[in-house]
Each structure stands twice: as structure tokens, then as C-alpha cells.
Amino acid sequence: MELRNRLLEKEDMTLDQVEKLARTLESVSQQSNAITGHSVSPSQNSSLVCRTPHTNSQKRGKKESDNSQSFGSSTRFTCFCCGNEGHRSRYPQCPARSVICKKCKKKGHFAKVCKSRSQLNESKAKESQPSSSSVKVVCDENVFCVRNLIEPNDELVTCHFGGVPTETFIDSGTKWTMMSKKTWNMLYRKGVRFLSYVPNPDVNFFDASGRVKYSVLQTVHIELQIGENIQTAEVIVFKEHIQTLLGRVDAKALGVLRVGLNATKDLYVRVVSTPIKEPLSKLKEFQLQIPIDKSVPPVIQPVRRIPFALRTRIEEQINELLRLYIIERVEGASPWVSPIVPVPKGPNEIRLCVDMRRANEAVLHEKHPIPVIDDIAPLLKDVTVFSKVDLKQAYHQIELAPESREVTTFGTHLGLFRYKRLMFELKCAPEMFQRILENILSGLKGVFNYLDDLLIFGRTLEEHDANLKAVLQRL
């Protein structure tokens, strides 16, 4: 077929060219079959040049020759009946021909190569069985997800279950205390004291995929004790082999787990808020120059109609920005005019935004990198004390140069206004602000900023306080 297609593609071929092409295709076919592991007989190779019809006797002879391959054949086949290599499943001397499978009870194959559905389900269930590590339970009413959690080096505590000491792992990720049937039988042989138990409770536990269901043998009400603390708990006993877990609720009651802001006795949290001055404070002796592409022609967009119900709130916002010296009124014409977009911020409050999409076409990026979590994670090694500083209206504390203010002009029903300070809608604002604040904080220890959010940290309280004081003095 391939030779015929090649001949039809070309015209006026000589006999020598046809013979050369046929031999080339024959050689390619032989090499391809050698790579894939299939042998090609001379009669099959010659079919590339000339096809001769096969008689029924020839086909039968070919089939018999295939069946007559022995164990010592150089061609490597895998038998699907016994799993050995060197012969096919039709080989009459296969050792599994008279054997009955121990799995499906059928004759003709070994159990190790059995492909019955029961064998497949058993192998999948065996793979999904929980290991000797712990399981994590995430509660969703009466359905839970169970997955491996414990690492080899996790610390264990000794908890007395009904008077019998047991090594238990504290898991803050689950509210349930649980153990395996093997552990419970060990406690029972040692004379564990329990209050009551419920066999086969109506509660479901699944693995993380939600496919494998774990079997709950019983729930036991029992007294737990660590040190002098005693807690009456409900312990879930699994049939599967799992690590003994002390749930979040019982661990907190026994005094071995603290969660939340009260986890550290010496933790001191205070939220500090300062009133906005009039006018809004700004970075001293600095004016920001916005990079503008002069090849982009200015665009004057029409003023968008604003619902009458929002006009009063917009006027209040504009008057507030004028009072803080964030914007100024434009006298005369402006080459750039962008429309405003009022965004609801609360039930009785709006945020005044400017649609800068057309104007941003002329604004150039500074290409300053914005940090990611991988940049700060190495800095927090062995750090114990933190403070967060959020700069209020941080962008508006950067003054714009007079020649960079025209591109920020926006139109309202009250007239034209433009920003005197850096606005959020400029596409270069985040990277420029990041660069400015990094320059301000350069040389200080224990501080990292992501835009207008500052994280101050230290390994001790004294180190943290010194870093925080240095940052506030610099700001």
C-alpha cells in the first residue's frame, strides 16, 4: 500500500527507480519491525514488491508455527496464563494449562496473572489501605475525609486512656480522638476502664479522595488524662490500623494544645490607628515623575452620566479629596480626560474610581519586581514576634510632579479635576510605590514591605521592638 502511494505521487519513473524505492521501503520495514520486536518473514518482506495470495494451507501452517515456539526461543513473549516469558498463552506445554486459579476458581491460569474483577478490586483496596501513620479527619456533618498526616519525626505524648498509658499524636487538624482496633484490644487486655461504648455507629469516614470508606468498629466514652488534667472524651475505634490521635477539642481540654491569639502567654496585640491630617501628609522633598509615551496621542473621553441618587455621595468624595489636597480643580482645557466610575463600598458609601484604560496606554511600566512569598519566607526563620503596619492612603502620600498630573485628569458633573498625588488606577503605580518604599526602608533590619503593607519581625521581643522603633522613626 505504501509503495503504491509513493508510485502515484511521482510520474515518469523508470524501472530502476521503482526497484530502488521498493528496496528502500523493504529495508525501512525490516528495521522498524526489529525495533518493535516483531520478526518479519521473507514472504512478508517480498510482499512489498509483489503480493501473492495466501492459500488456507499456508495460513494454517503459519499459525501452527507460531504455536510451536518453545521456552528457549530468542523472541521474548509473555504468557498471560503463567506470566513467564518465552512463549505465548497458546503454547501446549504451558505449566498453567491444567492449574485452577485460587482467586476466580477458573482453570488455565495462575492467580498472579488473574484479571477477574474481584482481584482488581482487592488490589485497589489494598493500595488504598491506610498505613501505620495517622489519619486526618475533616468534619462535614456526619461525613469525614481521612488522609495520612504524621511524619516520622513528629513528637508523641503519653496519654492515659482509662488508666492505661498510650503514645498519642496531638493533631490540631481534627476534633476527633481515634485509634485502631489493634490499639483498643491492647488497652482492653491491660484492663482499660471505660464508661460506655456504641458498636457500629452511624458515622462515615472516607479518605481524601472520598472513594475509600473506612470501617468504624465502635465509639467509646472514656476518661483521658495527661498530667493532672482529666477529660471525658468520645474515642472512635477503626478496624483499620492507624496511629492513635488526640483530637483538637480533647487536646485543648487537657492543656497540651493552644490555638488562637491566646496560644502564647506573652503575646501582646494592639491595633493602632492615627487620624488623617489635613492636608494629607506626603513624602518630603520628593515629586514622582510618571513615564509617558509621547507617541501615544492624548484622548478626551466624554463625561459619563451618573445616577442622581449617587451625585450627592460623589460630591462629598470630591470635596473630601480637595480638602486633603489629593486632587485639584483644572482651569481651562486638558489634553487628557478620563471618566469616573463610582463603586459601592458599603450601604451608604462609595469609592470614587477613574477609568484609566485609555490613559494607561500612554503610561510606561517601570519593570520593578514585586516581591512574592518565596522572597520573605527565608527571612522568617526562627522569628517569634511580629508587627504589621498598614499605611493608610499610602499611594496618596506620594506627590506627583506638575508635568505628570495632566494624564490623571477626570471629568465629573462638577467639572474637571486632576490628581496631585499618586493614584491607584495608574498601571505603573504598584511597582513605583514598591520601589519608593524599598528605598525608604533600605538599611533597616527586620522589616519587609509588600506595597503598602509592612511586616516588622524579630527573634526576641527586644529585637522586634528595636526594629519597630527604627521603622517608625524612618517613616
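What counts, and where the lines are drawn
- Residue indices begin from 1 for each chain and proceed along its sequence in written order.
- Since the coordinates come from a predicted model, pLDDT governs what is reported: local features require at least 70, and pairs of side-chain atoms require 80 or more to be given and counted, while whole-chain, interface and lining totals use all residues.
- Note that water and hydrogens are dropped before the side-chain values are worked out from all heavy atoms of the structure.
- Here a helix means four or more residues in a row that DSSP labels H or I, a strand means two or more in a row labelled E, and each is numbered from the N terminus.
- Remark: exposure states derive from per-residue accessible area (1.4 Å probe, protein chains only) relative to the maximum for the residue type, with buried under 20%, exposed over 50%, and partly exposed in between.
- Note on areas: Shrake-Rupley, 1.4 Å probe, and residue coverage restricted to the protein chains presented here.
- A pair of strands is considered paired only if DSSP assigns at least 2 bridges between the two.
- With axes taken as lines fitted to C-alpha atoms, and helix axes fitted only over the stretch in contact, angles between N-to-C directions fall between 0 and 180 degrees.
- Only heavy atoms matter for contacts: two residues are in contact if any of them lie within 4.5 Å across the pair.
- Here a helix's expected span is defined as the number of its residues, less one, multiplied by 1.5 Å.
- Directions from the helix axis toward the C-beta atoms define the arc.
- Salt bridges are counted wherever a side-chain nitrogen of Lys or Arg sits within 4 Å of a carboxyl oxygen of Asp or Glu.
- By convention a nonpolar core is built from buried Ala, Val, Leu, Ile, Met, Phe, Trp, Tyr and Cys residues, the set being connected through side-chain atoms within 4.5 Å.
- Pairing of aromatic rings covers Phe, Tyr and the six-membered ring of Trp, with a centre-to-centre limit of 6.5 Å; geometry is then stacked below 30 degrees between planes, edge-to-face above 60, and tilted otherwise.
- Each residue carries a pLDDT score, the predictor's confidence in it, ranging from 0 to 100.

**Student:** An account of the overall build of the chain is requested, with residue identities and associated values reported.
**Tutor:** Within the chain, the regular secondary structure consists of eleven helices and 19 strands. Of all 475 residues assigned to the chain, the portion counted as buried reaches 35%. Here the chain displays about 30600 Å² of accessible surface, and carbon together with sulfur accounts for 51% of that area.

**Student:** Describe the sheet that holds strand β15 (residues 385–390), and please don't skip the residues or the numbers.
**Tutor:** On the basis of which strands lie adjacent, the open sheet formed by three strands has the order β15-β19-β18 and antiparallel pairing. The open sheet is flanked by β15 and β18 (447–450), the only strands paired with a single partner. For this sheet, the mean inter-axis angle between neighbouring strands, taken without regard to orientation, is 20°. As defined by bridge partners, β15 adjoins strand β19 (residues 453–458) across six bridges and the pair is classed as antiparallel. Its bridge partner lying in β19, Val389 is registered against Leu454. Packed onto the sheet, helix α10 (residues 429–441) meets β18 and β19 and runs at close to 170° relative to β18.

**Student:** Kindly report on the sheet that holds strand β13 (residues 338–344), identifying the contributing residues and their values.
**Tutor:** Taken in spatial order, the five strands make up an open sheet running β12-β17-β16-β13-β14, and their pairing is mixed. In this open sheet, the two edge strands, each paired with only one partner strand, are β12 (327–329) and β14 (350–354). Sheet twist, expressed as the average angle between the axes of neighbouring strands with direction ignored, equals 40°. One ladder, built from three bridges, connects strand β16 (residues 410–412) with strand β17 (residues 415–419); its direction is antiparallel. Within β17, the position partnered with Gly411 by the bridge is Leu416. Each of β12, β13, β14, β16 and β17 is contacted by helix α8 (residues 308–323), which is oriented at about 70° to β14, the strand it contacts most.

**Student:** Now, about α8: what can you tell me, with residues and values included?
**Tutor:** The periodicity of an α-helix, 3.6 residues per turn, causes residues three or four positions apart to be oriented the same way. Spanning 16 residues, α8 covers 23 Å between terminal C-alpha atoms, matching the ideal 22 Å at 1.5 Å per step. Every buried residue of α8 is accounted for by Ile314, Ile318 and Leu321. Projected onto a plane normal to the axis of α8, the buried residues spread over an arc of 60° and lie on a single side. Structural note: α8 exposes Ala309 and Glu316 on the side pointing more than 90 degrees away from its buried face.

**Student:** For the pattern of salt bridges, give the residues involved together with the corresponding values.
**Tutor:** Enumeration over the complete set of coordinates arrives at eleven salt bridges. Between Arg405 and Glu328 there is a salt bridge whose closest N-O contact spans 3.5 Å. On the criterion of sequence distance, the pair formed by Arg405 in the loop between β15 and β16 and Glu328 in strand β12 is long-range, its members being 77 residues apart. Across the pair, exposure class does not vary: Arg405 and Glu328 are buried alike. One network of salt bridges, with partners in common, ties together Lys282, Glu328, Glu399, Arg405 and Arg418.

**Student:** Could you give an account of the nonpolar core, naming the residues involved and the relevant values?
**Tutor:** Counting residues in each nonpolar core, the largest one holds 47 residues, and the members touching the most others are Ile290, Leu422, Leu426 and Leu454. Residue assignment for this core shows that the elements contributing at least two residues are α8, β14, β17, α10 and β19. With six residues, the single largest contributor to this core is α10. Ignoring any residue separated from it by four or fewer positions in sequence, one finds Leu422 in contact with Leu288, Ile290, Tyr395, His396, Ile398, Leu400, Ala429 and Phe433. Residues Val164, Leu187, Val220 and Val235 belong to the second largest nonpolar core, which totals 18 residues.

**Student:** Break down the packing of aromatic side chains for me, citing the residues and quoting the values.
**Tutor:** Two measures describe an aromatic ring pair: the distance that separates the ring centres and the angle between the ring planes. Evaluation of the coordinates by the stated rule reveals six aromatic pairs. Between Phe410 and Tyr419, the aromatic rings sit 5.7 Å apart at their centres with planes inclined by 50°, giving tilted as the arrangement. When sorted by exposure, Phe410 lands in the same class as Tyr419, which is buried. In this structure an aromatic cluster arises from ring pairing among Trp184, Phe194 and Tyr197.

**Student:** Which residues make up the confidence of the model for the chain, and what values go with them?
**Tutor:** Per-residue pLDDT for the chain averages 76, and the proportion of residues at 70 or more is 77%. When the elements of the chain are averaged for pLDDT, strand β1 (residues 135–140) gives the smallest value, 40, and β17 the largest, 90. Long-range and interchain partners of residues 123–153, a stretch whose pLDDT sits below 50, account for 72 contacts in this model, where long-range means more than four residues apart. In this model, residues 264–269 is a region of pLDDT below 50 whose contacts with residues beyond four sequence positions or in other chains number two contacts.

**Student:** How would you sum up unusual backbone geometry? Please name residues and give values.
**Tutor:** Backbone geometry places Glu285, a non-glycine residue, at a positive phi of 55°. Assignment of secondary structure puts Glu285 in the loop between α7 (248–253) and α8. A relative accessible area of 86% places Glu285 in the exposed class. The phi torsion at Lys367 lies on the positive side, around 65°, for a residue other than glycine. Relative to the helices and strands, Lys367 resides in the loop between β14 and α9 (373–376). For Lys367, a relative accessible area of 69% translates into the label exposed.

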